[in-house]
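# Analysis of the macromolecular model
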Amino acid sequence: MFKGIYNGKQCHVSDIATVLSRAWNAGVDRIIVTGGSLEESKEALAIAETDGRLFCTVGVHPTRCKEFEESGDPEKHFQALLALAKEGIQKGKVVAVGECGLDYDRLHFCPAEVQKKYFEKQFELAYATKLPMFLHMRAAAGDFCEIVERNINKFTGGVTHSFTDSAEDRDKLLSFSNMYIGVNGCSLRMAENLEVVRDIPVERMMIETDSPYCEIRSTHAGIKFVKSVWPSKKKEKYDQESLVKGRNEPCLVRQVLEVVAGCKGISDINQLGATLYQNTCRVFFPHDLDAAADALLAGRNESE
């Protein structure tokens, strides 16, 4: 079974214990709960403290960046994020700054100029904490890459998650030596998406779910490679033995692995999973990358 690391959003679901149990049983080793605002980051840290396998990020999503100015004191708001990040680091729970970046598909939530200003500001958060970055880029590759390049020495590494852009944009991201590309169901929707994913080097890739969003649907091009399935029911008929239809869960990261393997023509799915796991550890859990950790990963592959 693939031992995966999972990016989870809005994990404060009423049946969280069942969701987590299903994830652990599916072979997920760790879950990173994503913060998208100051308040969400506080919630993410609180959730992460409930289980040794849960971790979180602290940051402000591009569509929420108006909260800096709406707070009445942007610098005080930034300092609150910094204090929360430091608290989470001390507790061994905060592993990245984010989710931050640019989203020009949803400018009705936050204007581009505000997004750019506070995306750049959050590199200061990464620099002050020595944390990697969990990044969001949607329809904004030009400005995004310009800001990343300007701040390349302020962060140790990062991943641009939920990648759905072009081959040209993929190559722009790969030109940053400390940048990885994150793939989930939204990255695998169309045949064109699969072609772009096919040429992301395995050593520069991570996989995720982006739960509760971005599931792999029956209409997606990547569905033909999916082998692992779980029973699901509409939310009105939900029981704990089934997934809620249309709601993505951590356990489904296995399907992302299967689609990536299929579109790349990789037959050794366990080795692929181990490589992607190591990529994620390299950025978010570098203390696991000593010789003992590598030996542990090798032993897992042999036993699967």
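Analysis parameters
Residues numbered from 1 in each chain as written. Predicted model: local features only at pLDDT ≥ 70, side-chain atom pairs only at ≥ 80, totals over all residues. Heavy atoms only, no water. UniProt positions renumbered as here; feature names shortened; annotations may be inferred. Helix = DSSP H or I, 4+ residues; strand = E, 2+ residues; numbered from the N terminus. Buried < 20%, exposed > 50% of the residue type's maximum accessible area, 1.4 Å probe, protein only. Axes fitted to C-alpha atoms, helices over the stretch in contact; angles between N-to-C directions. Parallel < 35°, antiparallel > 145°, perpendicular 65-115°, else oblique. Left-handed = near helix turned anticlockwise from the far one by under 90°. Contact = heavy atoms within 4.5 Å. Nonpolar A, V, L, I, M, F, W, Y, C, P; charged D, E, K, R; others polar. Phe/Tyr/Trp six-rings, centres within 6.5 Å; stacked < 30°, edge-to-face > 60°. Lys NZ or Arg CZ within 6 Å of the ring centre and 35° of its normal. Salt bridge = Lys/Arg side-chain N within 4 Å of Asp/Glu carboxyl O.

You'll find the protein entered in an unreviewed UniProt entry as TatD family, with Corchorus capsularis given as the organism. UniProt, in its Sequence similarities (unreviewed entry) section for the protein, records the words "Belongs to the metallo-dependent hydrolases superfamily. TatD-type hydrolase family."

### Here we look at unusual backbone geometry
Residue Gly-98 is joined to Glu-99 through a cis peptide bond whose omega torsion reads 10 degrees. Within the fold, Glu-99 resides in strand β4 (residues 94-103). In this model, Ser-162 sits at a positive phi of 50 degrees, which is unusual for a non-glycine residue. Assignment of secondary structure puts Ser-162 in the loop between β6 (158-161) and α7 (167-174). The exposure class of Ser-162 is buried, given its relative accessible area of 10%.

### Notes on the packing of helix α5 (residues 112-129) against helix α6 (residues 141-150)
Between α5 and α6, the shortest axis-to-axis distance is 10 Å and the interhelical angle comes to 30 degrees. Classed by the angle they form, the pair α5 and α6 counts as roughly parallel. Seen along the crossing, α5 lies across α6 with a hand that is right-handed. Along the contact surface, α5 presents Lys-116, Phe-119, Glu-120 and Phe-123, while α6 presents Asp-143, Phe-144, Ile-147, Val-148 and Arg-150. Class assignment for the residues of the contact of α5 with α6 results in five nonpolar, no polar and four charged.

### Here's the deal with the packing of aromatic side chains
Counting across every chain of the model gives five aromatic pairs. With a centroid separation of 5.1 Å and 50 degrees between ring planes, the pair formed by Phe-119 and Phe-123 is classed as tilted. One end of the pair, Phe-119, and the other, Phe-123, are both in helix α5, four residues apart, so they sit about a helical turn from each other. Within the aromatic cluster, the residues linked to one another by ring pairs are Phe-119, Phe-123, Phe-144 and Phe-155. Lying across the ring of Phe-55, Lys-93 places its NZ or CZ 5.0 Å from the centre. Note that Lys-130 overlies the ring of Tyr-127, its terminal NZ or CZ placed 4.5 Å from the centroid.

### Structural notes on the UniProt feature "binding site: a divalent metal cation 1" (unreviewed entry) in the protein
Following the UniProt record, one finds the feature "binding site: a divalent metal cation 1" (unreviewed entry) at His-12, Glu-99 and Asp-210. Relative to the assigned elements, Asp-210 resides in the loop between β8 (205-207) and β9 (232-233).

### Brief notes about the pattern of salt bridges
What the rule picks out here adds up to 21 salt bridges. Close ionic contact of Glu-120 with Arg-150 constitutes a salt bridge, the shortest N to O distance being 2.9 Å. With Glu-120 in helix α5 and Arg-150 in helix α6, this pair connects stretches of sequence that are 30 residues apart. A salt bridge links Glu-258 to Arg-254; its shortest N-O distance comes to 3.4 Å. Taken as a pair, Glu-258 and Arg-254 lie in helix α9 (residues 253-264) at a separation of four residues, close to a single helical turn. Classification of Glu-258 as buried rests on a relative accessible area of 6%. Residue Arg-254 is classed as buried on the basis of its relative accessible area of 14%. Put simply, Arg-22, Arg-247 and Glu-249 are held in one network by salt bridges that share partners.

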